[in-house]
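Here's the letter readout for the chains.
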Amino acid sequence: MADCIFCKIANKEIDSSVVYENEHVIAFQDANPVAKVHVLIVPKVHFANIYDLGKSEQKDEIMPAISEAISKVAEICETEDCFRIIVNNGEKAGQTVFHLHFHLIGGQELPLSLL
Ligand code: AMP
Ligand code: ZN
């Protein structure tokens, strides 16, 4: 999708600090981390949010790839036993980038107020 920053990151048109990648997903460091570990796990295909993905037939291949990426990123970042996944869906829920992304935060004790 034109002018979508996460599409450009997925297409390698914009640099990011890639942590993990598979066929359907790219995971990279959040530019403004709220915890010691803060990685964004992003489907390479554009969906505005998780609601739209859930309504799409592509969910059946993308959701397993996201699930795999979550475990791999937790291992790579050595935070398997302490992390949180957050998905903000919609502006009123705090979403600011309208390409679906899963925040993985961890690497430290996590107060409930984060994100
Ligand atoms: P959300 O508020 O849930 O939409 O989260 C958007 C996240 O994207 C924020 O945590 C930002 O810090 C992060 N972000 C925005 N632009 C970039 C970028 N170019 N590279 C890495 N992270 C980004
Ligand atoms: Zn996009």
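Our subject is the structure that appears above.
Predicted model, so just to flag it, every value in this text is computed and none were measured. (Residues numbered from 1 in each chain as written. Chains lettered and ligands numbered in written order. Predicted model: local features only at pLDDT ≥ 70, side-chain atom pairs only at ≥ 80, totals over all residues. Heavy atoms only, no water.)

With respect to the coordination of the zinc ion (ligand 2)
Taken together, the protein donors to the zinc ion (ligand 2) comprise Cys 4 (SG), Cys 7 (SG), His 46 (ND1) and His 99 (ND1), at separations of 2.0 to 2.3 Å. For the zinc ion (ligand 2), the four donor atoms in the first shell make angles of 105 to 116 degrees at the metal, a pattern classed as tetrahedral. Here the donor residues of the zinc ion (ligand 2) are spaced in sequence according to C-x2-C-x38-H-x52-H. Residue Cys 4 is located in the segment before α1 (5–10), and its partner His 46 is located in the loop between β3 (37–43) and α2 (50–54); the two are separated by 42 residues in the primary sequence. Under the relative-accessibility criterion, Cys 4 is labelled buried at 8%. (Donors = N, O, S within 2.8 Å, 3.2 Å for Na, K, Ca; no water. Tetrahedral: all angles 85-135°; square planar, octahedral: opposite > 155°, others 65-115°. Helix = DSSP H or I, 4+ residues; strand = E, 2+ residues; numbered from the N terminus. Buried < 20%, exposed > 50% of the residue type's maximum accessible area, 1.4 Å probe, protein only.)

Looking at the sheet that holds strand β5 (residues 102–106)
With respect to topology, five strands assemble into an open sheet ordered β1-β2-β3-β5-β4, the strand pairing being antiparallel. Sheet topology places β1 (18–21) and β4 (83–86) at the edges, where each strand pairs with a single neighbour. Averaged over all pairs of adjacent strands, the angle between their axes in this sheet comes to 20 degrees, without regard to strand direction. Across five bridges, the pairing between β3 and β5 is antiparallel. In the strand pairing of β5, Val 39 is matched with Leu 104. Packing of helix α3 (residues 59–76) onto the sheet brings it into contact with β1, β2 (25–29), β3, β4 and β5, and relative to β1 it is tilted by some 135 degrees. (Pairing = 2+ DSSP bridges. Axes fitted to C-alpha atoms, helices over the stretch in contact; angles between N-to-C directions. Contact = heavy atoms within 4.5 Å.)

Brief notes about the packing of aromatic side chains
The geometry of an aromatic ring pair is captured by the separation of the ring centres together with the interplanar angle, meaning the angle of the planes. For the structure shown, the criterion picks out one aromatic pair. Between the aromatic rings of Phe 6 and Phe 28, the centroid separation amounts to 5.4 Å while the plane-to-plane angle is 80 degrees, which identifies the pairing as edge-to-face. Highlighted residues: Phe 6 in helix α1 and Phe 28 in strand β2, separated in sequence by 22 residues. When sorted by exposure, Phe 6 lands in the same class as Phe 28, which is buried. (Phe/Tyr/Trp six-rings, centres within 6.5 Å; stacked < 30°, edge-to-face > 60°.)

Looking at the site of ligand 1
Lining the immediate surroundings of ligand 1 are 16 residues, of which Asp 30, Asn 88, Thr 96, His 101 and His 103 lie closest. At 2.9 Å, a side-chain N or O of His 101 approaches an oxygen atom of ligand 1. One of the side-chain nitrogen or oxygen atoms of His 103 is found 2.8 Å away from an oxygen atom of ligand 1. Burial of ligand 1 by the protein chains amounts to 82% of its free accessible area of 500 Å². Mapped onto the shell around ligand 1, the elements with two or more residues apiece are α1 and β2. Tallying contributions element by element places α1 first for the shell around ligand 1, with three residues. Of the residues that constitute the shell around ligand 1, the class distribution is seven nonpolar, eight polar and one charged. (Near = heavy atom within 4 Å. Polar contact = N/O pair within 3.5 Å; in protein donor to acceptor, adjacent residues only side chain to side chain. Areas by Shrake-Rupley, 256 points an atom, 1.4 Å probe, with all protein chains shown as cover. Nonpolar A, V, L, I, M, F, W, Y, C, P; charged D, E, K, R; others polar.)

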